[in-house]
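# Notes for the structure review
One letter stands for each residue in the lines below.
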Amino acid sequence: MKRLVILAPNWLGDAVMALPAMADVGREAPDAEIFVAARAAVAPLFQLVPRVRETIVLDRPASVARVGSWTSIGVELRGRDFDAALLLPNSIHAALLASRAGIPERWGYGDLVRSRWLTRSVPRMSGGHQVDYYRRLVAALGFRNGSREPRIAAPEPARAEADRLLLNAGWNGSRPLVALAPGAAYGGAKRWPPERFGALASALGSDGVVCVLIGSAADAPAARAVARCGAIRGDRAGSDAQPHGQAEGVIDLVGRTDLPTLAGVLTRCRALVTNDSGAMHLAAALGVPVTAVFGPTNEHATAPIGGQHVVLTYPVWCRPCMLRECPLDHRCMRGIDADPAIAAARRTLR
């Protein structure tokens, strides 16, 4: 095997949790050139992974999509002389994509339908942490497992850009920073109430801590809700005209960072308080202590790995339901008070 392409998971958190399995492959195949094929939202992560020679973005322009879904499947990977494809997404589309690209060896979890497009099919295993789900796959394919902790480092240009953003937003370069991630891509059920984030920011602000709101542009409504909660007052609270304002003791970088720069920002923070999100896994992989609030999702499957992380839950009969929106009273998240998160963040700062 000289040229291997790894099809990455489609969500940032899953992609981070797949890094130990990818490291196993890189270590056990030291002479192979490793490429990663990933969706546009996830592809920048692999700029932070040393063994990856190139990241191929799988999202196709609208003009190509209109030609016909069948003829366009796999076009990004055709003609690249790949010997093998390792499929981490557990979808029929991923298997079909590698097959249509003409890659001779196609490896992944299989079932009665998906296996028809694979050359090496591993019976799907359920249970346990998502990190181990990917590690079991590569171990079954002959790549010995190493550490199960995802690890990445922010490059110096990303750290420098993070410093520029923080300093321009009013950070004095010395006050401790704690990141807050109030959004969650999967749905509103995963979001801790904004007033709890507000109480947390207010308490940390009284300690001299600067809280940094982080997230993608899609998380801007969640950031505005935190600002409107009353505990934080800033430009987001009253108007959308100034979308990147700063409240006293709070820096708002939501929608202002690409993924490498977000990694740089997180390395400047002493801790992260977050919902179950991609930012949670990114911070943990960077070695940043995480306090994670879990409601509808299963902390036994997706909690941050490694380090002194804290997971907060509230016992209720219906969790984990895995629903995007709560059809009841959102008690699994409303039942988690701000005080445990404040205490966890303060322990980290001490």
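Residues numbered from 1 in each chain as written. Predicted model: local features only at pLDDT ≥ 70, side-chain atom pairs only at ≥ 80, totals over all residues. Heavy atoms only, no water.

## Observations concerning helix α12 (residues 278–285)
Cut-off, in case you're wondering: Residue burial is assigned from relative accessible area. The probe radius is 1.4 Å, only protein chains are included, and a residue is buried under 20% of its type maximum, exposed over 50%, and partly exposed in between. Put simply, DSSP marks the helices as runs of H or I at least four residues long and the strands as runs of E at least two long, and each gets a number from the N terminus on. Two residues form a contact once any of their heavy atoms are found within 4.5 Å.
Most of α12 sits inside the fold, with eight of its eight residues counted as buried. Among all positions of α12, only Gly 278, Ala 279, Met 280, His 281, Leu 282, Ala 283, Ala 284 and Ala 285 are buried. Looking at the buried positions of α12, the neighbouring elements they touch are α1 (12–17), β7 (177–181), α11 (259–267), β10 (271–275), β11 (290–293) and α13 (299–302).

## Side note on the packing of aromatic side chains
Heads up, the condition is: A pair of aromatic rings is counted whenever rings of Phe, Tyr or Trp (Trp by its six-membered ring) have centres within 6.5 Å, and the orientation is called stacked for planes under 30 degrees apart, edge-to-face for over 60 and tilted otherwise. Whether a charge sits over a ring depends on NZ of Lys or CZ of Arg being within 6 Å of the ring centre and within 35 degrees of the ring normal.
As enumerated under the stated definition, the model contains five aromatic pairs in all. Where Trp 107 meets Phe 143, the ring centres are 6.3 Å apart and the plane angle is 45°; that geometry is what we call tilted. Of the two residues, Trp 107 is situated in strand β5 (residues 105–110) and Phe 143 in the loop between α6 (130–140) and α7 (156–168); the sequence distance between them amounts to 36 residues. Among the residues examined, Trp 107 registers a relative accessible area of 8% and is labelled buried. Exposure remark for Phe 143: the relative accessible area of 9% places this residue in the buried category. Between Tyr 133 and Tyr 134, the ring centres sit 5.6 Å apart and the planes meet at 75°, which makes this aromatic pair edge-to-face. As far as the burial class goes, Tyr 133 and Tyr 134 line up, both buried. An aromatic cluster is present here, built from Tyr 109, Tyr 133 and Tyr 134 joined pairwise through their rings. The ring of Trp 107 carries Arg 120 above its face, with NZ or CZ at 5.4 Å from the centroid.

## Thoughts on the nonpolar core
As a reminder, the rule being used: What we call a nonpolar core is a set of buried Ala, Val, Leu, Ile, Met, Phe, Trp, Tyr and Cys residues that are connected through their side-chain atoms within 4.5 Å.
Leu 45, Phe 46, Leu 86, Ile 152, Ile 214 and Leu 266 are the most contacted members of the largest nonpolar core, which totals 68 residues. Not counting chain neighbours up to four residues away, the residues in contact with Ile 214 comprise Ala 179, Leu 180, Ala 181, Pro 182, Val 254, Leu 262, Val 265, Leu 266, Leu 272 and Ala 279. If you look at the next biggest cluster of nonpolar residues, it comprises 29 residues, including Ala 201, Ala 203, Ala 220 and Cys 332.

## A few points about the packing of α7 against α11
What counts, and what does not: To obtain an axis, a line is fitted to C-alpha atoms, over the contacting stretch when the element is a helix, and the angle between two such axes runs from 0 to 180 degrees between their N-to-C directions. Put simply, angles under 35 degrees are roughly parallel, angles over 145 are roughly antiparallel, angles from 65 to 115 are roughly perpendicular, and the rest are oblique. For this scheme, ten residues count as nonpolar: Ala, Val, Leu, Ile, Met, Phe, Trp, Tyr, Cys and Pro. Four count as charged, namely Asp, Glu, Lys and Arg, and the remainder, Gly too, count as polar.
Between α7 and α11, the shortest axis-to-axis distance is 7 Å and the interhelical angle comes to 70°. As judged from the angle between their axes, α7 and α11 are roughly perpendicular. Contacts from Ala 158, Arg 159, Glu 161, Ala 162 and Leu 165 in α7 reach Pro 260, Thr 261, Gly 264, Val 265 and Thr 267 in α11. For the contact of α7 with α11, a count of residues per class yields five nonpolar, three polar and two charged.

## Description of the state of the cysteines
Under the convention used in this document: Here, the term disulfide refers to a pair of cysteine sulfur atoms separated by no more than 2.5 Å.
Scanning the entire structure with this criterion turns up zero disulfides. The cysteine Cys 332 is free of any disulfide, with Cys 326 supplying the nearest cysteine sulfur at 6.1 Å. Look at Cys 332 and you get buried, because its relative accessible area is 7%.

## Here's the deal with a nonpolar patch on the surface
Selection criterion: Excluding any residue in a salt bridge, patches collect residues exceeding 30% relative accessible area, merging like charges within 9 Å and nonpolar Val, Leu, Ile, Met, Phe, Trp and Tyr side chains within 5 Å. Accessible surface area values rest on a Shrake-Rupley calculation with a 1.4 Å probe, where residue burial reflects the displayed protein chains alone. Whenever Lys or Arg places a side-chain nitrogen within 4 Å of a carboxyl oxygen from Asp or Glu, that contact is recorded as a salt bridge.
Taken together, the side chains of Ile 92, Leu 112 and Val 113 make up a nonpolar region of the molecular surface, amounting to roughly 330 Å² of accessible area. Secondary-structure assignment places Val 113 in the loop between β5 and β6 (120–123).

## A short note on the pattern of salt bridges
Scanning all chains against the criterion turns up 17 salt bridges. Taking the shortest distance from any N to any O, the salt bridge between Glu 299 and Arg 319 comes out at 2.7 Å. With Glu 299 in helix α13 and Arg 319 in the loop between β12 (310–312) and α14 (331–334), this pair connects stretches of sequence that are 20 residues apart. Two residues, Asp 329 and Arg 334, come together in a salt bridge whose shortest N-O distance is 3.8 Å. You can call Asp 329 partly exposed: its relative accessible area is 31%. Taking relative accessible area as the criterion, Arg 334 reaches 43% and is therefore assigned partly exposed. Connected via shared salt-bridge partners are Asp 24, Arg 27, Glu 28 and Arg 144.

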